[in-house]
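# Structural overview
Okay, here's what each chain looks like letter by letter:
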Amino acid sequence: MIRRALLVSTLLASSALALSPSPASAAVVAPAPALHVTMRPDGMDVRTGQQLMRVTALAAGALRVRIGLDGTLGEDASWAVPEAVRHATTSVKPLLNGFSTPDLTATVDAAGRLTVRDASGHILSQDAEPVEKRHNGFALAKAMPQNDRYFGLGDKTGPLDRRGMAYTMWNTDAGFQETTDPIYKSIPYYIQVAPDGRASGLFLDNTWRGFFDFGKTERDTLRFGAEGGPIDYYVIAGSTVKDVVERYAKLTGPSPLPPLWMLGFQQSRYSYMSADEVRGIAARYRKDQIPLDAIYLDIDYQDRNRPFTTNPKTFPDMAGLVRDMKAEDVRIVAITDLHIAAAPGQGYAPFDTGMAGDHFVKAANGRVYVGKVWPGPAVFPDFTRAKTRDWWGGLYKSFADDGIAGFWNDMNEPAVFTYPSKTMPLDNIHRIEEPGFQTRTATHAEIHNIFGMENSRATYEGLLKLRPDERPFVLTRASYAGGQRYAATWTGDNMASWNHLRMTVPMLLNLGMSGFAWSGADVTGFGGAPSADLSTRWVEIAAFQPIFRDHSAVGTPHRELWVDGPQHEAIRKRFVEARYRLMPYLYAVADETARTGLPMMRPVFMTYPDALDSGCDDGTTFLVGDKIMVAPAPFPESTGTYDICLPKGGWYDYWTGKPAQTVARPGSQGVRAMQVARETPRLDHLPVFVRAGSIIPRQPLVQSTMETPKGALELAVYPGDDCVGLLYADDGRSLDYRRGAYLRQTIRCTVTPTGLAIEFGAREGHYQPWWQGLDIVVHGWTGSAPKAVLGGNAVAVVADAGAGTVSIHIPDQASVATLRLDR
Ligand code: GLC
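Remember, it's a predicted structure, so these values are computed and weren't measured experimentally.

## Points about helix α13 (residues 566–581)
Its 16 residues give α13 an end-to-end C-alpha distance of 22 Å, which sits within 8% of 22 Å, the value for a rise of 1.5 Å per residue. Those residues of α13 lying buried are His568, Glu569, Ile571, Arg572, Phe575, Val576, Glu577, Ala578, Arg579 and Tyr580. Buried residues in α13 make contact with β19 (265–267), α5 (275–288), α12 (532–542), β31 (548–550) and α14 (583–596).

## Regarding the confidence of the model for the chain
Averaged over the chain, the pLDDT score is 94; the fraction of residues at 70 or greater is 96%. Predicted confidence for residues 1–30 stays below pLDDT 50, and this span has 58 contacts to residues more than four positions away or in other chains.

## Remarks on the nonpolar core
In terms of nonpolar packing, the biggest core is built from 174 residues, with Phe203, Trp392 and Phe544 touching the most fellow members. If we ignore the near neighbours within four places in the chain, the residues touching Trp392 are Phe308, Thr336, Asp337, Leu338, Ile340, Pro381, Phe383, Asn409, Asn455, Ala458 and Thr459. Core analysis: the next-biggest nonpolar cluster, separate from the first, contains 39 residues, Val37, Met39, Met44 and Leu153 among them.

## Regarding the site of the ligand
Close contacts around the ligand come from Tyr270, Asp298, Ile299, Ile335, Trp374, Trp408, Asp410, Arg477, Trp490, Asp493, Phe526 and His551, and that covers them all. A distance of 2.9 Å separates an oxygen atom of the ligand from a polar atom in the side chain of Asp410. Note that an oxygen atom of the ligand is positioned 2.9 Å from one of the side-chain N or O atoms of His551. Starting from 310 Å² of accessible surface for the ligand in isolation, the protein chains cover 97%. Here the residues of the shell around the ligand sort into 7 nonpolar, 1 polar and 4 charged.

## Things to note about the pairing of strand β14 (residues 189–193)
Among the 5 residues of β14, 5 are classified as buried, and the element is accordingly described as predominantly covered. Of the two faces of β14, the one holding Tyr189, Ile191 and Val193 and the one holding Tyr190 and Gln192 are both buried throughout. Taken together, the 4 bridges between strand β12 (residues 149–152) and β14 define a ladder with antiparallel strand orientation. Directly across from Gly152, in β14, lies its bridge partner Tyr190. Taking the residues between adjacent antiparallel strands as the criterion, β14 and strand β15 (residues 199–204) are bridged by 5 residues, where Gly197 takes a positive phi near 95°.

## Section: helix α10 (residues 444–466)
For α10, the principal kink sits at Ile450 and spans about 55°. The buried count for α10 comes to 19 of 23 residues, which makes it a mostly enclosed element.

## A look at the packing of α13 against α14
Axis separation between α13 and α14 bottoms out at 5 Å; the angle between their running directions is 55°. Judged by the inter-axis angle, α13 sits oblique to α14. On the side of α13, the interface is formed by Arg579, Tyr580 and Arg581, while α14 contributes Met583, Pro584 and Leu586. In terms of residue class, the contact of α13 with α14 is built from 4 nonpolar, no polar and 2 charged.

## Focus: the side chain of Asp118
As for its position among the elements, Asp118 is in strand β9 (residues 114–118). Although Asp118 is buried, it makes no salt bridge; Arg198 carries the closest opposite charge, 4.4 Å away.

## Brief notes about the state of the cysteines
Counted by the stated rule, this structure contains 1 disulfide. Each sulfur in the disulfide pair Cys723 and Cys749 lies 2.1 Å from the other. Between Cys723 and Cys749 the sulfur-sulfur dihedral comes to about 105°; the bridge is accordingly right-handed. In this pair, Cys723 is assigned in strand β42 (residues 723–730) and Cys749 in strand β43 (residues 742–752), connecting sequence segments 26 residues apart.

## So, the environment of Asp324
With respect to the helices and strands, Asp324 occurs in helix α6 (residues 318–327). With a relative accessible area of 32%, Asp324 lands in the partly exposed category. Separated by 42 residues in sequence, Asp324 and Ala282 have C-alpha atoms that sit 9.9 Å apart.

## Re the packing of aromatic side chains
Applying the stated criterion across every chain yields a total of 45 aromatic pairs. Between Phe212 and Phe214, the ring centres sit 6.0 Å apart and the planes meet at 20°, which makes this aromatic pair stacked. Ring geometry for Phe265 and Tyr285: centres 5.8 Å apart, planes at 55°, overall tilted. With Phe265 in strand β19 and Tyr285 in helix α5, this pair connects stretches of sequence that are 20 residues apart. With respect to burial, Phe265 and Tyr285 carry one shared label: buried. Put simply, the rings of Tyr301, Phe308, Phe315, Phe383, Trp392, Tyr396, Phe399, Phe407 and Phe451 pair up and form one aromatic cluster.

## Overview of the sheet that holds strand β35 (residues 642–645)
An order of β35-β38-β37 is seen for the 3 strands of this open sheet, with the pairing classed as antiparallel. The open sheet terminates on both sides in strands that have one partner only, identified here as β35 and β37 (663–665). Geometrically, the sheet is characterised by an average inter-axis angle of 50° between neighbouring strands, direction not taken into account.

## A word on the sheet that holds strand β17 (residues 221–226)
Each strand in a sheet pairs with its neighbour through backbone hydrogen bonds, running either in the same direction (parallel) or in the opposite one (antiparallel). Taking strand neighbours across the sheet as the criterion, the 9 strands line up as β6-β7-β8-β9-β10-β11-β17-β16-β13 in an open arrangement whose pairing is antiparallel. Bordering the open sheet on either side are β6 (93–95) and β13 (166–169), each of which pairs with just one other strand. The mean angle between the axes of side-by-side strands here comes to 20°, regardless of whether they run parallel or antiparallel.

## Remarks on the pairing of strand β44 (residues 755–760)
Among the 6 residues that make up β44, 5 are buried, leaving the element largely enclosed by the rest of the structure. Across 6 bridges, the pairing between β43 and β44 is antiparallel. Looking across to β44, one finds that Cys749 is bridged to Ile758. Linking β43 to β44, which pair antiparallel, is a turn of 2 residues. When β44 meets strand β50 (residues 817–822), the two strands line up antiparallel, connected through 6 bridges.

Criteria and cut-off values
Residues numbered from 1 in each chain as written. Predicted model: local features only at pLDDT ≥ 70, side-chain atom pairs only at ≥ 80, totals over all residues. Heavy atoms only, no water. Helix = DSSP H or I, 4+ residues; strand = E, 2+ residues; numbered from the N terminus. Expected span 1.5 Å × (residues − 1). Buried < 20%, exposed > 50% of the residue type's maximum accessible area, 1.4 Å probe, protein only. Contact = heavy atoms within 4.5 Å. pLDDT = per-residue confidence, 0-100. Core = buried A, V, L, I, M, F, W, Y, C linked by side-chain atoms within 4.5 Å. Near = heavy atom within 4 Å. Polar contact = N/O pair within 3.5 Å; in protein donor to acceptor, adjacent residues only side chain to side chain. Areas by Shrake-Rupley, 256 points an atom, 1.4 Å probe, with all protein chains shown as cover. Nonpolar A, V, L, I, M, F, W, Y, C, P; charged D, E, K, R; others polar. Pairing = 2+ DSSP bridges. Bend = angle between axes of the 7 residues up to and from the residue. Axes fitted to C-alpha atoms, helices over the stretch in contact; angles between N-to-C directions. Parallel < 35°, antiparallel > 145°, perpendicular 65-115°, else oblique. Lys, Arg positive; Asp, Glu negative; His and termini not counted. Salt bridge = Lys/Arg side-chain N within 4 Å of Asp/Glu carboxyl O. Disulfide = S-S within 2.5 Å. Phe/Tyr/Trp six-rings, centres within 6.5 Å; stacked < 30°, edge-to-face > 60°.

Shown next as structure tokens:
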């Protein structure tokens, strides 16, 4: 250890204050206590009076900051960041008042305030004030550069940009409206983005009730903190938003590759009341030829709302139902809430075995806690115990044997009906028995925000044990940072209103930037009764969102896609079909997500930073991967003409395949002049664009992802700069892809003086795909039909001057090859 115990009050004062302007509030306080900086090989310890701050470089672009107000750092443990990641370090270069890594510098000023800069000296994160002790908790204050924007915090309501908003971190079962806070998840993580696209991230790894105030109470000061627990946070430096998203995924773990069927259309309802009703729903989808991959069973399939039972009258033969549905290429997903009915002596195994194994959360008096939820009196598994998670996972055996494909973990905030707080008492006792943690008890106040995540973890890990070769599908409502490793999520009980449809975009975008790539909002709105137009528009937009699940509340009108008559059904069907045709592209994005953490649904500025200063990145437009942009009206009910900002570089209309029609929009204050597409809304149309420089793989229409497409893989080529497309395929369900049974291939296109060259890269993996041929369609082709040559041989070309396309059919290209099109 390099010991450079600097008595630095004076020494640092001049240099550090010059570097970091001190906020007005600090200027008048008494002289700062003496500051001691001790360099460590991987960072530094900073002592200010009683307080100890340890700053550790985990990697060149990631710092961990731990602060002990009483001089001790406490337990080094985390539910979000795995031990190996937490304890990875990199060596740093000492500076007079801090240290540097290749990607950042961390320095302290005379008052012990930390400033983190990127390699070119831009400030990424800067303390505005020293740490404040608040009762048993704390608050930190960071400076907010005037033009920076703030994203993240999961699916909290409100605008895409969190600036000017304040939020509470406390998982809550709340039917919500636009300003409701808190709701179901707590993800104490934000990304800060400067106007030029430079970005950084900050993750406060604290599970207690906490808050984030993005300059709402005090302009330009970001305050965050918690009511208890450690001061333990991470600063992520990245040169772009994408870097930060990827580094956060490394910190907390990316979402694993989902089963392919998760990307299909899913039909849910609270509730389908019998197996026959489920069969009828599937049959109607098949009869009307609307693609469908899954039907959900909500609580009424159970016996008296008791998890892990089935109603013997209405669902007498679950295995039979699953078998029949499988024959229709439909998977069954079943809800399994965590509250176990308190039903002693009734032969209800989850309760009996749970009691025998001492698996339930205790009240402060040491007795098993009983709270009222759907089954009436219920008990709550103590998911912070590895043994309890194991036992919980085992409860899925019979359903897994029946072939139920996926499981839905709801009410896991946990929701409890009888208290105004909507959850269990804060002094309830959990036991932590978990590698990396001291074995100890903890109050519910500490565990509450991770309870849902540990519930979904128990389900995920249990399913992996029961079906070691199947990718589990778990859908959770409550979660915490890192919960994306175990489950997909949805935004909870929304409403059938135009405003709720509009809110789906910022909510899902912020979830994606907070690690949850796989998310959806109840399509058509959970509560209330949508108009036919609203449902249709909702289906259109959700067809491009990560999880496409139609769901509705008990007592509301049915929402299956046919309920509003043939005209609406026809439009909805067309959009579901569009999604199924796009499946190869979506699946390649899913592969990218599993490798990098980049979500399927991205804000436009994530890929095209010039959207940031265009004055039109308003949280209504979104990208699917990097190449497709979906642009609903800012107010989706409005029939008024609106402008869609098209980032520089050229775009095609996805539906016509022709270059997008644009008009020049003059600049105004704070808004750059740019090309825009002008749209007058029509109910049967949603503007979707493809980036010039894309190769989008598509497939022939199927009715379910279980069906093998018949015909060739289509490669839609949209020439432009950096033209690239990715193919990914595997069996869609097992873990064999981890052992090489996958196919990954990059295809590029280059505009040449005489035409176009399409280059197939080397194929990775040894999976044999379903296609044998490729239908290549080049868009935006003008002039005479080209000659096409593949590996020295001429191939036939069909030109369509009206559509501006040329089409070429060639065999699958499993190895490096170039197709040349020359005029
Ligand atoms: C909760 C869920 C909702 C579900 C209902 C019944 O309200 O959020 O999706 O349908 O419980 O299980």
